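Okay, here's what each chain looks like letter by letter:
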Amino acid sequence: MEMSHWRAPLGRARAGLGGPPLLLPSMLMFAVIVASSGLLLMIERGILADMKPLPLHPPSREGAAWRRALPRPGGLSLEAGDPDLQVRQDVRNRTLRAVCGQPGMPRDPWDLPVGQRRTLLRHILVSDRYRFLYCYVPKVACSNWKRLLKVLAGVLDNVDVRLKMDHRNDLVFLADLRPEEIRYRLQHYFKFLFVRDPLERLLSAYRNKFGEIREYQQRYGAEIVRRYRAGAGPSPAGDDVTFPEFLRYLVDEDPERMNEHWMPVYHLCQPCAVHYDFVGSYERLEADANQVLEWVRAPPHVRFPARQAWYRPASAESLHYHLCSAPRALLQDVLPKYILDFSLFAYPLPNVTREACHQ
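Residues numbered from 1 in each chain as written. Predicted model: local features only at pLDDT ≥ 70, side-chain atom pairs only at ≥ 80, totals over all residues. Heavy atoms only, no water.

Chemist: Can you walk me through the overall build of the protein chain in this structure?
Modeler: Broken down by element type, the protein chain carries 15 helices and four strands. Taken across its 359 residues, the protein chain has 52% of its residues classed as buried. Counted over contacts in the protein chain with a minimum sequence separation of 6, partners at least 24 positions apart contribute 71%. (Helix = DSSP H or I, 4+ residues; strand = E, 2+ residues; numbered from the N terminus. Buried < 20%, exposed > 50% of the residue type's maximum accessible area, 1.4 Å probe, protein only. Contact = heavy atoms within 4.5 Å.)

Dropping the structure here:
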């Protein structure tokens, strides 16, 4: 795959700031490939070492017994006989450690440029009552997580209350707190995020925002049509953006300045600067989410909302159709922008060979 189209994100240079330069994308790619290759070799040989978890709560003399009894975040709740899921989580943990351990990678949010840190802190939600931090990723069930946080805070009676979701009010973000308060919570609270196949997430955002949301059609869709469609005219409606046009728009966008619904997870949640205790999967959303609720000692009656009967997520068949309908050269230009999401979170790159697309 040709990687030369991936431009270095703005704001990365740190010359004159006294800190080491951050890794260039090509160096990051090399680190990811080396780490992943080593992991595959270890997995093949059956070397799956236990992960040492971070504590859920600050150390104190009080309550030491029940803390010892808590499940290990690194151990997961994967069913016996499901080695593929265990391997995927192990690959995520080890690849994150290998890549994030490279010289020049950020170790905490204050290693990040101001713009990146601002994005990160605005995406981490805080529960002081249950002592956890959740980095929300749009199009990975974040609305249900926000609803659940409001239930845990006592703002909503239950997760099934049918109200239009307010994504700001009655929620606490790390960005709302003072630096010393942020540092304390990053050190002592349980930290997690949920991820999804990067291209499936992009397709979900495309279908939702350009197929249903007038604000996005006017703000982004009209501009996309003007840029990439011959003879579009000066005032397109923006309600008929094609998937290849959306991909062309992404190719020309700086990942750090993208809208949050298609910004790479790496830039939203900065998994090197924040040491997450658990990375859940959209593919096993309900099981992983309810495991997190057990780990943070949520009340037994509070469970993650079941998927609504009317909801139709992007299917593998739909994703395959859209990818095979897009020019292959265009996909090669888009993929490098999300390569860390694929690599760090153990998602396979799409197979869009002629043979695969004609099956």
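Moving on, there is more to tell.
Chemist: Looking at this structure, how should I read unusual backbone geometry?
Modeler: Excluding glycine, a negative phi dihedral is what most residues carry, and trans is how most peptide bonds are arranged. Its identity as a non-glycine residue notwithstanding, Lys 139 has a phi of 75 degrees, on the positive side. Topologically, Lys 139 is positioned in the loop between β2 (132–135) and α5 (142–152).

Chemist: When you look at the environment of Gln 102 in this model, what are you seeing that I'm missing?
Modeler: Mapped onto the elements of the fold, Gln 102 is located in the loop between α3 (83–100) and α4 (114–121). C-alpha separation for the pair Gln 102 and Cys 272, spaced 170 residues apart in sequence, amounts to 10.0 Å.

Chemist: Help me understand the packing of aromatic side chains, please; the structure alone is not making it clear to me.
Modeler: Aromatic rings considered in pairs are described by the distance between their centres and by the relative angle of their planes. Per the counting criterion, the structure on display carries 24 aromatic pairs. Between Phe 194 and Phe 278 the ring centres are 6.3 Å apart and the planes differ by 75 degrees, which places this aromatic pair in the edge-to-face class. With a gap of 84 residues between them, Phe 194 in strand β3 (residues 190–195) and Phe 278 in strand β4 (residues 278–281) connect regions that are remote in the sequence. Judged by its relative accessible area of 1%, Phe 194 is buried. (Phe/Tyr/Trp six-rings, centres within 6.5 Å; stacked < 30°, edge-to-face > 60°.)

Chemist: Sorry, what's going on with the pattern of salt bridges here?
Modeler: Opposite charge on two side chains permits pairing when their charged atoms draw close. Under the criterion given, the structure shown has 13 salt bridges. In this structure, Glu 223 and Arg 227 form a salt bridge, with 3.2 Å as the shortest nitrogen-oxygen distance. Within this pair, Glu 223 and its partner Arg 227 are both found in helix α8 (residues 214–228), separated by four residues, close to a single helical turn. The partly exposed category is assigned to Glu 223, whose relative accessible area is 29%. Residues Asp 254 and Arg 257 are paired through a salt bridge, measuring 3.5 Å at the closest nitrogen-oxygen approach. Linked through salt bridges whose partners overlap, the residues forming this network are Glu 223, Arg 226, Arg 227 and Glu 253. (Salt bridge = Lys/Arg side-chain N within 4 Å of Asp/Glu carboxyl O.)

Chemist: Sorry if this is basic, but what is going on with the sheet that holds strand β1 (residues 124–127) here?
Modeler: Pairing between sheet strands relies on hydrogen bonds along the backbone, with the strands arranged either parallel or antiparallel. Ordered in space as β1-β2-β3-β4, the four strands form an open sheet in which the pairing is mixed. Strands with a single pairing partner mark the edges of an open sheet, and in this sheet they are β1 and β4. Neighbour-to-neighbour, the strand axes of the sheet open up by a mean angle of 25 degrees, direction not taken into account. Sheet topology note: the β2/β3 ladder contains four bridges and is parallel. (Pairing = 2+ DSSP bridges. Axes fitted to C-alpha atoms, helices over the stretch in contact; angles between N-to-C directions.)

Chemist: So what exactly am I meant to see when it comes to the confidence of the model for the protein chain here?
Modeler: In low-pLDDT segments, the atomic positions of the prediction should not be examined closely. Counting all residues, the mean pLDDT for the protein chain is 80, and 74% of those residues have values of 70 or more. Below pLDDT 50 for its whole length, residues 1–27 participates in 51 contacts with residues either more than four positions away or in separate chains. Counting contacts from residues 30–81, a segment whose pLDDT is below 50, to residues more than four positions away or on other chains yields 74 contacts. (pLDDT = per-residue confidence, 0-100.)

Chemist: I tried to follow the state of the cysteines on my own but got confused; where do I start?
Modeler: A covalent bond bridging the sulfur atoms of two cysteines is what the word disulfide describes. A complete count under the given rule lists three disulfides for this structure. Between the sulfur of Cys 100 and that of Cys 272 lies a disulfide, 2.0 Å long from S to S. Residues Cys 100 and Cys 272 share a disulfide whose torsion about the S-S bond is about -75 degrees; that sign makes it left-handed. On the criterion of sequence distance, the pair formed by Cys 100 in helix α3 and Cys 272 in the loop between α10 (265–269) and β4 is long-range, its members being 172 residues apart. Given the relative accessible area of 12%, Cys 100 is considered buried. Disulfide partner of Cys 135: Cys 269, at an S-S distance of 2.0 Å. Negative torsions about the S-S bond denote left-handed disulfides, and the value of about -95 degrees found for Cys 135 with Cys 269 makes this one left-handed. One end of the pair, Cys 135, is in strand β2; the other, Cys 269, is in helix α10, with 134 residues separating them in the sequence. Once the disulfide-bonded cysteines of the protein chain are ranked by sequence position, their pairing pattern turns out to be 1-4, 2-3, 5-6. (Disulfide = S-S within 2.5 Å.)

Chemist: How do you make sense of the packing of α5 against helix α11 (residues 285–295) when you look at a structure like this?
Modeler: How two helices sit against one another is set out by the angle between their axes and by the gap between those axes. Orientation of α5 relative to α11, taken along the N-to-C sense of each, is 25 degrees, at an axis distance of 13 Å. One element, α5, and the other, α11, form an angle in the roughly parallel class. Crossing of α5 over α11 shows right-handed handedness. Within the contact between the two elements, α5 uses Trp 145, Leu 148 and Leu 152 and α11 uses Ala 289, Val 292 and Leu 293. (Parallel < 35°, antiparallel > 145°, perpendicular 65-115°, else oblique. Left-handed = near helix turned anticlockwise from the far one by under 90°.)

Chemist: How do you make sense of the environment of Gly 101 when you look at a structure like this?
Modeler: By the element assignment, Gly 101 lies in the loop between α3 and α4. According to the relative accessible area criterion, Gly 101 is partly exposed, its value standing at 44%. Along the backbone, Gly 101 and Cys 272 are 171 residues apart, and their C-alpha atoms lie at a distance of 8.2 Å. Once you skip the residues sitting within four places of it in the chain, Gly 101 turns out to touch Leu 96 and Arg 107.

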